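Chain by chain, the residues:
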Amino acid sequence: MYDPVQLRTFLTVAQTLSFTQAARRLGVRQSTVSQHVRRLEAATGRPLFLRDTHTVELTEDGEALLGFARTILEAHERAAAFFAGTRLRGRLRFGASEDFVLTRLPEILERFRHEHPEVDLELSVELSGTLHERLDAGRLDLVLAKRRGPGDEQGRLVWRDRMVWIGAEGLRVDPDRPVPLILFPPPGITRARALEVLERDGRAWRIACTSGSLSGLVAAARAGLGVMAHTRGLIPPGLVRVGSLPELGPVEFALLRGPRPSAAAEALAAAVLSGADRLTRTG
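Residues numbered from 1 in each chain as written. Predicted model: local features only at pLDDT ≥ 70, side-chain atom pairs only at ≥ 80, totals over all residues. Heavy atoms only, no water.

Below, the discussion takes up the packing of helix α1 (residues 4–16) against helix α3 (residues 30–44). Axis angle and axis distance: for two packed helices, these are the angle between their axes and the distance between the axes, and together they describe the pair. For the pair α1 and α3, the least separation of the axes is 9 Å and the interaxial angle reads 110 degrees. Considered as vectors, α1 and α3 are oriented roughly perpendicular to each other. Here Val 5, Gln 6, Leu 7, Thr 9, Phe 10 and Val 13 of α1 lie close against α3, whose contacting residues are Val 33, His 36, Val 37, Arg 39 and Leu 40. Within the contact of α1 with α3, the residues separate by chemical class into seven nonpolar, three polar and one charged. (Axes fitted to C-alpha atoms, helices over the stretch in contact; angles between N-to-C directions. Helix = DSSP H or I, 4+ residues; strand = E, 2+ residues; numbered from the N terminus. Parallel < 35°, antiparallel > 145°, perpendicular 65-115°, else oblique. Contact = heavy atoms within 4.5 Å. Nonpolar A, V, L, I, M, F, W, Y, C, P; charged D, E, K, R; others polar.)

Strand β3 (residues 90–97) sits mainly inside the fold: six of its eight residues count as buried. Note that β3 and strand β4 (residues 119–126) share eight bridges and pair parallel. Considered in β4, the bridge of Ala 96 is made with Val 125. Traced from β3 through helix α5 (residues 105–115) to β4, the parallel crossover comes out right-handed. For β3 and strand β5 (residues 142–146), the ladder comprises three bridges, and the chain directions are parallel. What sits directly across from Ala 96, in β5, is Leu 144. (Buried < 20%, exposed > 50% of the residue type's maximum accessible area, 1.4 Å probe, protein only. Pairing = 2+ DSSP bridges. Right-handed = clockwise from strand over helix to strand, strands pointing away.)

Our focus in this paragraph is the environment of Glu 63. Structurally, Glu 63 is set in helix α4 (residues 60–84). The class for Glu 63 is partly exposed, based on a relative accessible area of 42%. Taking the C-alpha atoms as reference, Glu 63 lies 8.7 Å from Ala 14; in sequence the two are 49 residues apart.

Another point: helix α6 (residues 128–136). The α-helix advances 3.6 residues per turn, and as a result positions three or four apart in sequence lie on the same side. Taking burial as the measure, the nine residues of α6 include seven buried ones, the bulk of the element. Three or more residues of α6 are buried, namely Ser 128, Gly 129, Thr 130, Leu 131, His 132, Arg 134 and Leu 135. Lining the buried residues of α6 we find β3, β4, β5, α7 (189–201) and β11 (250–257). Looking at the residues trailing α6, positive phi occurs at Gly 138, about 80 degrees.

Scanning the model with the defined rule gives four aromatic pairs in all. On the basis of an interplanar angle of 50 degrees and a centroid distance of 5.5 Å, the ring pair of Phe 10 and Phe 49 is categorised as tilted. Here Phe 10, found in helix α1, pairs with Phe 49, found in strand β1 (residues 49–51); they are 39 residues apart in sequence, far enough to count as distant. Overall, Phe 10 belongs to the buried group, its relative accessible area being 1%. An angle of 65 degrees between the planes, with centres 5.1 Å apart, marks the rings of Phe 100 and Phe 253 as edge-to-face. In this pair, Phe 100 is assigned in the loop between β3 and α5 and Phe 253 in strand β11, connecting sequence segments 153 residues apart. Each member of the pair, Phe 100 as well as Phe 253, is classed as buried. Within the aromatic cluster, the residues linked to one another by ring pairs are Phe 10, Phe 19 and Phe 49. (Phe/Tyr/Trp six-rings, centres within 6.5 Å; stacked < 30°, edge-to-face > 60°.)

Taken over all residues, the pLDDT of the chain has a mean of 89, while the share at 70 or more is 97%. Mean pLDDT values over the elements of the chain span from 83, in α4, up to 97, in strand β7 (residues 179–183). (pLDDT = per-residue confidence, 0-100.)

Residue Pro 187 follows Pro 186 across a cis peptide bond; omega there is 5 degrees. Mapped onto the elements of the fold, Pro 187 is located in the loop between β7 and α7. Within the chain, Leu 17 stands out as a residue other than glycine whose phi angle is a positive 50 degrees. In this structure, Leu 17 sits in the loop between α1 and α2 (19–26). We classify Leu 17 as partly exposed; its relative accessible area is 26%. Not every positive phi belongs to a glycine, and Ser 244 is a case in point at roughly 70 degrees.

What follows concerns the pattern of salt bridges. According to the stated counting rule, one finds 17 salt bridges in the structure shown. One salt bridge connects Glu 252 with Arg 160, and the closest N-O pair in it is separated by 2.9 Å. Of this pair, Glu 252 sits in strand β11 while Arg 160 sits in strand β6 (residues 156–168), and the two are 92 residues apart along the sequence. A network of salt bridges, in which partner residues are shared, links Glu 74, Arg 111 and Glu 115. (Salt bridge = Lys/Arg side-chain N within 4 Å of Asp/Glu carboxyl O.)

Right under this line is the structure:
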């Protein structure tokens, strides 16, 4: 038997790749997180994480446990919701970053709608920068988006990764020519990071394509028009990492609520957090 509390801790560490961030998100001490992971490793008889003073990575057995842990926790949540007998109602305006268009976020939303049929869920898919603006203006209730940059600790951390340069297979960037960029328009956070990094490195650049749609950017990249900055765990099919360009650094995705979150917003936030490992996988 696997303890659901320990499984939830395991999932949170797997999503944040940080014992410190997992403790912060769960509202417990870091020593408690370590204790839960040790007990789960003892129960499975397998190491679940490779960790040192700087990095945390899942082992193969840890990867295998992800699916089992999610299934067990979902069963617990369904049972708790059934016997609680509460029915959520009302309007819920949810905004999701363009980054998640090709992931399995729709599965999370479909399950939420099935469990809460009386909630009127309105989905907006926008650039992260636009979502921040709409949330600040009171036009959204809950947002899943990139944090604005280093030092931004707003919201609850859902997932941490790194940004990389990607392009068509075989694409080579000529070091003596301006870097051809495929970019979201302002106020895209990824756009700002790409331009900032290149300018800091002294690299000349030119805009080869601009689109507010991720599918438009991906089509341009597949056609070999240039390179785009993208989250490492969300690289679309047909594109690969491109070297010889300056490092783009880490990226964090967070859930941000409006000033007076409803019960429906809290329920959807919990669903996204519990299923966050699905956000790195395409449907």
